[in-house]
Amino acid sequence: EAGVAQSPRYKIIEKRQSVAFWCNPISGHATLYWYQQILGQGPKLLIQFQNNGVVDDSQLPKDRFSAERLKGVDSTLKIQPAKLEDSAVYLCASRAGGLQGSYEQYFGPGTRLTVT
Amino acid sequence: LAKTTQPISMDSYEGQEVNITCSHNNIATNDYITWYQQFPSQGPRFIIQGYKTKVTNEVASLFIPADRKSSTLSLPRVSLSDTAVYYCLVGDSYQAGTALIFGKGTTLSVSS
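Residues numbered from 1 in each chain as written. Chains lettered and ligands numbered in written order. Predicted model: local features only at pLDDT ≥ 70, side-chain atom pairs only at ≥ 80, totals over all residues. Heavy atoms only, no water.

Undergrad: Quick question: what am I supposed to make of the environment of Glu 14 of chain A here?
TA: All names here are of chain A. Counting through the fold element by element, Glu 14 comes out in the loop between strand 2 (10-13) and strand 3 (19-24). Remark: the alpha-carbon pair of Glu 14 and Ala 88, spanning 74 residues in sequence, is separated by 14 Å. Setting aside its immediate chain neighbours within four residues, Glu 14 contacts Val 115 and Thr 116. (Helix = DSSP H or I, 4+ residues; strand = E, 2+ residues; numbered from the N terminus. Contact = heavy atoms within 4.5 Å.)

And the structure:
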């Protein structure tokens, strides 16, 4: 089966500009996650969707970050305006099944954002 | 989610068996132990998950002692391509849909 797709793979912008990332999860996966990974650290959750509803966005900087998952499939993550500290890899992951069971999430290749 | 402690880095040579131990002293009854692998410029990849004793798949083995306060990920006969960061995570099986909480992981470097 096809994996999680993300685009673009790389993006360089200047601070105060806006940027958007796109994710297409594995077909049929109801749960979608956006993680931020700063160099040298493990991924950190930004937002979690169950179908098209938000389950957890407690760590999303809502003054500048927004995300949506229309129709419960594809998702976009936007940053406006970007700050230097937003330089990171943005990972999208999806998971099949309900709340219980396996912790197996499928990650995309990520988008590497550089803010100058 | 229970807190985990694992070595920051490990070095090995090709063909050796590598064992990475993770401590999770506060593991709860319903918690499962999960390991992920992350190569440079890629997203993490699920390796293995277990509850007790031993679990084996085509990639690795996971050893969990009876008290479950630690676990060991065993990689048989590593190759250069096993150079990666390995993350140990512990979480309630009834909350498996929640987000993963990653630490810094163990950076494994395999040399020829």
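Having seen the structure, we can now continue with the description.
Undergrad: I tried to follow the pairing of strand 9 (residues 106-111) of chain B on my own but got confused; where do I start?
TA: Residue and element names in this part refer to chain B. Burial along strand 9 is one-sided: Thr 106, Leu 108 and Val 110 are buried, while Thr 107, Ser 109 and Ser 111, pointing the other way, are not. Bridge count for strand 1 (residues 9-13) against strand 9 is five bridges, and the pairing is parallel. The residue of strand 9 that forms the bridge with Met 10 is Leu 108. Direction of pairing for strand 8 (residues 84-92) relative to strand 9: antiparallel, over a ladder of three bridges. Residue pairing for strand 9: Val 85 is matched across the bridge by Thr 107. (Buried < 20%, exposed > 50% of the residue type's maximum accessible area, 1.4 Å probe, protein only. Pairing = 2+ DSSP bridges.)

Undergrad: Help me understand the environment of Lys 104 of chain B in this model?
TA: Following the sequence through the fold, Lys 104 of chain B ends up in the loop between strand 8 and strand 9. With relative accessibility at 57%, the residue Lys 104 of chain B sits in the exposed group. For the pair formed by Lys 104 of chain B and Cys 88 of chain B, sequence separation is 16 residues and the distance between their alpha carbons is 9.5 Å. The contact partners of Lys 104 of chain B, leaving out residues within four places of it in the chain, are Gly 40 and Gly 42 of chain A together with Val 85 and Tyr 87 of chain B.

Undergrad: So what exactly am I meant to see when it comes to the sheet that holds strand 7 (residues 70-75) of chain B here?
TA: In sheet architecture, strand pairing relies on hydrogen bonds along the backbone and comes in two forms, parallel and antiparallel. All names here are of chain B. The antiparallel open sheet is built from four strands, whose spatial order is 2-7-6-5. Each edge of the sheet is formed by a strand with only one pairing partner; in this case those strands are strand 2 (18-23) and strand 5 (53-56). Averaged over neighbouring strand pairs, the angle between their axes works out to 15° when direction is ignored. Alignment of strand 5 against strand 6 (residues 61-64), held across four bridges, turns out to be antiparallel. Considered in strand 6, the bridge of Thr 56 is made with Ser 61. (Axes fitted to C-alpha atoms, helices over the stretch in contact; angles between N-to-C directions.)

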